[in-house]
Amino acid sequence: MKKGIYFFIIILTLFSLAGCSIEDRVNNAKVTIGKSEKFSEEEIKEAIECTKENFKSFDGCTLTDIWYDEEKSNKLTQDHLEYGGGYEVGNTDENTIVLMSNFDVGSSGGDGSLEPNSTYTDWQWDLVRDSKSEKWKVVSWGY
């Protein structure tokens, strides 16, 4: 009987650890929100949460930092709008935000497209929304 209880506790513990692992890989990241004249803190937090949700698909990777720096974001937003096709699909400066992040890649190399056992820094996340009242969507990422 005791062996059965111990076995059950071990199985329960393994399942609880497995369920937390994706959340832990994302939610333990250091979040920094710089001063902004363009977006409210709530708008930036919503963009960060959208990015974190998207990052969950990066198997074997751990998000370590995510931040908003308005000066950098404004320059990268203009690049996205002018050279990334943003204007062509109707994106505007007011409804485009760029976040930055750092993350670690495990031995699997994520989905195989990332360098195993490495750290990626200044990874760019481009997000857009249809209007101020709509939710953010990640439209591109990378360097």
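Residues numbered from 1 in each chain as written. Predicted model: local features only at pLDDT ≥ 70, side-chain atom pairs only at ≥ 80, totals over all residues. Heavy atoms only, no water.

A. Main features of the pairing of strand β2 (residues 61–68). Bridging between strand β1 (residues 30–33) and β2 involves four bridges; their strand directions are parallel. Within the sheet, the bridge partner assigned to K30 lies in β2 and is D65. Taking the sense of rotation as the criterion, the β-α-β connection linking β1, helix α2 (residues 41–55) and β2 turns out left-handed. For β2 and strand β3 (residues 96–105), the ladder comprises six bridges, and the chain directions are antiparallel. Opposite T62, over in β3, you have D104 as the bridge partner. (Pairing = 2+ DSSP bridges. Helix = DSSP H or I, 4+ residues; strand = E, 2+ residues; numbered from the N terminus. Right-handed = clockwise from strand over helix to strand, strands pointing away.)

B. Spatial organisation of the nonpolar core. Ranked by size, the top nonpolar core spans 24 residues in total, and within it I97, L99, F103 and L127 carry the most contacts. Elements that contribute at least two residues to this core include exactly α2, β2, β3 and β4 (118–128). Sort the elements by how many residues they give to this core and α2 lands first, with five residues. Sequence-distant contacts of F103, that is, excluding residues within four places in its chain, are made with F55, F58, C61, T62, L63, T64, L114, S118, T119, Y120 and W123. (Core = buried A, V, L, I, M, F, W, Y, C linked by side-chain atoms within 4.5 Å. Buried < 20%, exposed > 50% of the residue type's maximum accessible area, 1.4 Å probe, protein only. Contact = heavy atoms within 4.5 Å.)

C. Spotlight on helix α3 (residues 70–83). If you check α3, its first and last C-alpha atoms are 19 Å apart, about what 14 residues at 1.5 Å a residue would give, namely 20 Å. Taken residue by residue, α3 has E70, S73, L76, T77, H80 and L81 as its buried positions. Burial along α3 is one-sided: seen end-on, the buried residues are contained in an arc of 140°. Turned more than 90 degrees away from the buried face of α3, the exposed residues are E71, K75 and Y83. Tucked inside the fold, the buried residues of α3 contact β2, β3, β4 and β5 (137–142). With a side-chain oxygen lying 3.1 Å from the backbone nitrogen of E71, the N-terminal cap of α3 falls on D69. G85 occupies a position one or two residues after α3 and carries a positive phi of about 85°. (Expected span 1.5 Å × (residues − 1). Arc of directions from axis to C-beta. Polar contact = N/O pair within 3.5 Å; in protein donor to acceptor, adjacent residues only side chain to side chain.)

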